[in-house]
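Structure at a glance
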Amino acid sequence: MHQLNGMTGALIGSAIVAIAILTAPLYVDLFQIMQLTVFAAMAVLALSLGFIWGYGGILCFGQTSFFGLGAYAYAVAAINFGDSTPAIALAILIPVIFAALLGYFMIYGGISDVYLGVITLTVSLILFNLVNSTAGDFYKIGDARLGGFNGIPGVPTFNLPGNSGYILSPEQAWMVTGIALILVYLGLRVLIASSFGRIIIAIRENETRAALLGYDPRIYKLITFMIGGAIAGFAGALYVNWGAFVSPTIFALGLSAQIIIWVIIGGRGTLIGPVIGCLLLQWLVTEIGAQQALDANFILGAILIVFVLLVPKGIAPTLRDLVMARLARDKPMTADTTTVKVKT
Amino acid sequence: MDIAIIVGLDVVSGIASLVLISAGLAVIFGMMKIINLAHGEFLMLGAYATVLSVSAGVNIWIAMLVIAPVFVGLVGVIVERCLIRFLYGRLVDSMLATWGLSLVIVGGTTMIFGNTIVGVSSPLGGFQVGAYQSSLYTPFLALMALLLMTAVFVVMRYTRAGLIARAVMQNPDMAATLGVNPARVYMATFGIGAAMSGLAGGLLAPIAGVVPTMGAAFIAKAFITVVGGGTSILWGLISASGLFGFINQIAAFLTTPVFGEVILFIAAVILIRMLPTGISGRFFKGRL
């Protein structure tokens, strides 16, 4: 019953946000629409880590690997095919295959959280170096030159499926990105409410217990990891669609850190938290970029330290707990019954 | 024949630089079971300390071998007192805090010194192998790696401090009941680990471009080495550096340095699949 109420709330909230997204071009100027588009693409990326870390308990420090692979896959495919639809499919498929391979070695190897975090981070560092070194004519896939440090400019942006001549306008691209964010959010909500979602949460809480109940934690964690890779790859395609450009900095350490910070400050174990954290931080970084005195990395690092030390749960769960405590104080009877329920 | 000597020298230098850049990380990981994500920034601080001291007129050897480790060691102790000690028992959070620290140090250094490359010239000359030219600095690095490992071995094996360190490593609770204060051991560990990173940074200063973001160029290899080696400080580090240094240099010789790194990584991931606790988790269990 409670779960159902939560779901209804999510649907109503999503519908309101969807209306806001679709009507935004009427009262927001084009520059801000462009900015909101990249914020929304990054929020999809935040959801991917929020899902695998907050629900799957997989500490992935290198979610940019999948984001970047998705972005590059989209760019290379879009240049070769001249049509964005198969390119988006590849932007999801290639990160999934990569996540499956990497996840197999890590998860079936049974390595600890600390190792998993470090290895995923190392992957993103190495992909950065690798893609950075692909300058020159030798490194090209079909018609797409990888361009090394300079990246790939002039990537075709989204077109209407089945009609590669009809390129979406910036307003339409914004609507597609915003609606994609809502759909990914709702999809993950449904997934978490399903039996698969219950099982991965059980594994996060206690892997041995879940295994004794007959669920193989390894395959569930691997699938979770692959779903995270798919969403991050999709976010990569949305990102390239925004800028029509991709460069190796997409794999850089700074972005990996930012994704972690979004999820930490938003709150692990929620989906709305990472989205809020992402939007807040993106806005903050844009503001910092407008002045010269303070370095963005400095502020981001300080925020991360403060949250780890003082607000380890993040904004969304802390607020929820505060609201719950307030409600419990107002209605002591309800609070008592809830406590009893939890204990039994 | 000459090329064989040169490749052999490359392999030795590859192994030695892996030992040097990973030693500080390995000490902290072996003792505290956390990966210091600000490791690359400790290297960078060591390099900056060296460059700034040299430009202030200090002898380069004193700058590299004394000032860099002492300075970064002090930074390490301060970081442990102000940050890490609040997060004992929360492994993941302490790693995240060091990541935040890494960003703060990069950002702070950029604000102070700007994003430009500074450097010092290499203090030793070169020598000739047939038609090939090589730098004397390479064997010097190998010698330093050897000395560092010997020092770690002697301290850990024959001194009272080493005994206490080994006891805390094996079982912190048991050590605490016997009157050792693990918190103080951890503080010292973090300081010494940071000092080793500072030393490595100082030694790298003449052969690397010193910029605020230089740490990122080294941490990938350092992480792989420590994860592959496992928690045993000495044998884990030596075996992993030996194996990965060899693979990396041979692969780099046959392809490019970047592909060498990729091949190194693939080898490490396969190794981790077979030995999830690293080489030392399997072969040197419970050893130094």
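Residues numbered from 1 in each chain as written. Chains lettered and ligands numbered in written order. Predicted model: local features only at pLDDT ≥ 70, side-chain atom pairs only at ≥ 80, totals over all residues. Heavy atoms only, no water.

This part takes up the overall build of chain B. Helix and strand content of chain B: twelve helices and two strands. Reading the helices (α) and strands (β) of chain B from amino to carboxyl end gives α-α-α-α-β-β-α-α-α-α-α-α-α-α. Here the C-alpha atoms of chain B give a radius of gyration of 19 Å, agreeing with the 19 Å that 2.2 N^0.38 yields for 288 residues. If one aligns the C-alpha atoms of chain B with their principal axes, the spans along those axes are about 65 × 45 × 35 Å. When contacts within chain B are restricted to residue pairs at least 6 apart in sequence, long-range pairs at least 24 apart make up 76% of them. Accessible area for chain B stands at about 11,700 Å²; split by element, carbon and sulfur atoms hold 70% of it. A distance of 15 Å separates the average location of the 13 positive side-chain charges in chain B from that of its 7 negative side-chain charges. (Helix = DSSP H or I, 4+ residues; strand = E, 2+ residues; numbered from the N terminus. Rg over C-alpha atoms; globule rule 2.2 N^0.38 Å. Contact = heavy atoms within 4.5 Å. Areas by Shrake-Rupley, 256 points an atom, 1.4 Å probe, with all protein chains shown as cover. Lys, Arg positive; Asp, Glu negative; His and termini not counted. Charge placed at Lys NZ, Arg CZ, Asp CG, Glu CD.)

Here the focus is the pattern of salt bridges. Applying the stated rule across the entire model yields seven salt bridges over all chains. Put simply, Arg204 of chain A and Glu205 of chain A hold a salt bridge, and the shortest N to O gap is 2.9 Å. With relative accessibility at 56%, the residue Glu205 of chain A sits in the exposed group. Here Arg81 of chain B ties to Glu80 of chain B by a salt bridge, and the two come within 3.1 Å at their closest N and O atoms. (Salt bridge = Lys/Arg side-chain N within 4 Å of Asp/Glu carboxyl O. Buried < 20%, exposed > 50% of the residue type's maximum accessible area, 1.4 Å probe, protein only.)

Let us now look at the side chain of Thr134 of chain A. Residues and elements named next belong to chain A. With respect to the element layout, Thr134 can be found in the loop between helix 5 (113-132) and strand 1 (140-141). At 2.6 Å, the side chain of Thr134 forms a polar contact with the backbone oxygen of Val131. A polar atom in the side chain of Thr134 sits 3.3 Å from the backbone nitrogen of Gly148. (Polar contact = N/O pair within 3.5 Å; in protein donor to acceptor, adjacent residues only side chain to side chain.)

At the interface, 45 residues of chain B touch 44 residues of chain A. Buried surface at the junction of chain B and chain A, summed over both partners, amounts to about 3,800 Å²; 82% is from carbon and sulfur atoms. For chain B, the biggest contributors to the area lost against chain A are Trp99, Leu103 and Arg273 of chain B; these three give 19% of the whole. In this structure, the connection of chain B to chain A is made through one salt bridge. Residue Arg268 of chain A is joined to Asp93 of chain B by a salt bridge in which the shortest nitrogen-to-oxygen separation is 3.8 Å. The interface formed by chain B and chain A holds five residue pairs in polar contact (both at pLDDT 80 or more) in total. (Buried area = accessible area lost by both parts, 1.4 Å probe.)

So, about the nonpolar core. Most often, soluble globular proteins have nonpolar side chains that are buried together. Core analysis: the biggest nonpolar cluster contains 199 residues, and Tyr74 and Phe225 of chain A together with Ile35 and Trp99 of chain B have the highest contact counts within it. The contact partners of Ile35 of chain B, leaving out residues within four places of it in the chain, are Val114 and Val118 of chain A together with Leu25, Phe29, Met95, Thr98, Phe223 and Val226 of chain B. (Core = buried A, V, L, I, M, F, W, Y, C linked by side-chain atoms within 4.5 Å.)

This part is about the pairing of strand 4 (residues 163-167) of chain A. Residues and elements named next belong to chain A. Where strand 3 (residues 159-160) meets strand 4, two bridges bridge the pair, whose relative direction is antiparallel. Bridging from a neighbouring strand, Leu160 pairs with Asn163 of strand 4. Counting the residues that bridge the hairpin from strand 3 to strand 4 gives two residues, and of these Gly162 lies at a positive phi of roughly 85 degrees. (Pairing = 2+ DSSP bridges.)

This brings us to helix 1 (residues 2-32) of chain B. Residue and element names in this part refer to chain B. Compared with an ideal rise of 1.5 Å per residue, which puts 31 residues at 45 Å, helix 1 spans 45 Å between its outermost C-alpha atoms and is within 8% of the ideal. Taking the largest bend as the criterion, helix 1 deviates by roughly 45 degrees, centred on Ser22. Of the residues trailing helix 1, Lys33 is marked for its positive phi of about 65 degrees. (Expected span 1.5 Å × (residues − 1). Bend = angle between axes of the 7 residues up to and from the residue.)

A word on the pairing of strand 2 (residues 132-135) of chain B. One face of the sheet, then the other: side chains in a regular strand alternate in exactly this way. Residues and elements named next belong to chain B. Direction of pairing for strand 1 (residues 126-129) relative to strand 2: antiparallel, over a ladder of four bridges. The partner of Val129 across the bridge, within strand 2, is Tyr132. Once strand 1 ends, the chain turns through two residues before running back antiparallel as strand 2, passing Gly130 with a positive phi of about 60 degrees.

Quick look at the packing of helix 6 (residues 170-193) of chain A against helix 7 (residues 195-205) of chain A now. All names here are of chain A. Where helix 6 meets helix 7, the closest approach of the two axes is 4 Å, and the angle between their N-to-C directions is 75 degrees. When the axes of helix 6 and helix 7 are compared, the pair comes out roughly perpendicular. Only Ser195, Phe196, Gly197, Arg198 and Ile201 of helix 7 make contact with helix 6, whose side of the interface consists of Leu191, Ile192 and Ala193. Taken together, the residues of the contact of helix 6 with helix 7 sort by class into five nonpolar, two polar and one charged. (Axes fitted to C-alpha atoms, helices over the stretch in contact; angles between N-to-C directions. Parallel < 35°, antiparallel > 145°, perpendicular 65-115°, else oblique. Nonpolar A, V, L, I, M, F, W, Y, C, P; charged D, E, K, R; others polar.)

Our focus in this paragraph is the environment of Phe246 of chain B. The residue Phe246 of chain B is located in helix 10 (residues 233-254) in this model. Take Phe246 of chain B: its relative accessible area is 46%, and that puts it in the partly exposed class.

All names here are of chain A. One pass over the structure, following the stated rule, counts 18 aromatic pairs over all chains. With 6.1 Å between their ring centres and 85 degrees between their planes, Tyr215 and Tyr220 make a pair best called edge-to-face. Classification of Tyr215 by relative accessible area gives partly exposed; the value is 34%. One aromatic cluster is present, formed by Phe66, Phe98 and Phe225 through successive ring pairs. (Phe/Tyr/Trp six-rings, centres within 6.5 Å; stacked < 30°, edge-to-face > 60°.)

Let us look at helix 8 (residues 182-204) of chain B. Every α-helical turn comprises 3.6 residues, leaving residues that sit three or four positions apart pointing alike. Residue and element names in this part refer to chain B. The end-to-end C-alpha separation of helix 8 is 32 Å, in line with the 33 Å expected for 23 residues at 1.5 Å each. Most of helix 8 sits inside the fold, with 18 of its 23 residues counted as buried. For helix 8, the N-terminal cap is Asn181; the gap from its side-chain oxygen to the backbone nitrogen of Ala183 is 3.1 Å.

All names here are of chain A. Direction vectors running N to C along helix 2 (residues 30-54) and helix 9 (residues 217-243) enclose 170 degrees, while the axes themselves pass 8 Å from each other. The angle between the axes of helix 2 and helix 9 places the two elements in the roughly antiparallel class. Here helix 2 contributes Met34, Thr37, Val38, Ala41, Met42, Val44, Leu45, Ser48, Phe51 and Ile52 to the contact with helix 9, which in turn contributes Thr224, Phe225, Ile227, Gly228, Ile231, Ala232, Phe234, Ala235, Leu238, Tyr239 and Trp242. Within the contact of helix 2 with helix 9, the residues separate by chemical class into 17 nonpolar, four polar and no charged.

Turning to the confidence of the model for chain A, a few remarks are in order. Residue and element names in this part refer to chain A. A residue-level look at chain A finds 94% of positions with pLDDT of 70 or above and a mean pLDDT of 88. The secondary structure element of chain A with the lowest average pLDDT is helix 14 (residues 332-343), at 45, and the one with the highest is helix 9, at 95. Note that residues 334-344 has pLDDT below 50 and, in this model, one contact with residues that lie over four places away or in other chains. (pLDDT = per-residue confidence, 0-100.)

Attention now moves to a nonpolar patch on the surface. A contiguous nonpolar patch, built from Leu294 of chain A together with Leu52, Met111, Ile112 and Phe113 of chain B and spanning about 450 Å² of accessible area, is present on the exposed surface. Per element, the largest residue contribution to the nonpolar patch is three residues, and it comes from helix 4 (residues 91-113) of chain B. Relative to the helices and strands, Leu52 of chain B is located in helix 2 (residues 39-55). Leu52 of chain B gets classed as partly exposed once you look at its relative accessible area, which sits at 39%. (Patch = residues over 30% accessible without salt bridge, like charges linked within 9 Å, V, L, I, M, F, W, Y side chains within 5 Å.)

Residue and element names in this part refer to chain A. Mapped onto the elements, Phe245 comes out in the loop between helix 9 and helix 10 (253-266). Considering only alpha carbons, one finds Phe245 and Gly154, 91 residues apart in sequence, at a separation of 6.0 Å. Residues within four places of Phe245 in sequence aside, it is in contact with Asn150, Gly151, Ile152, Pro153, Val155 and Val240.

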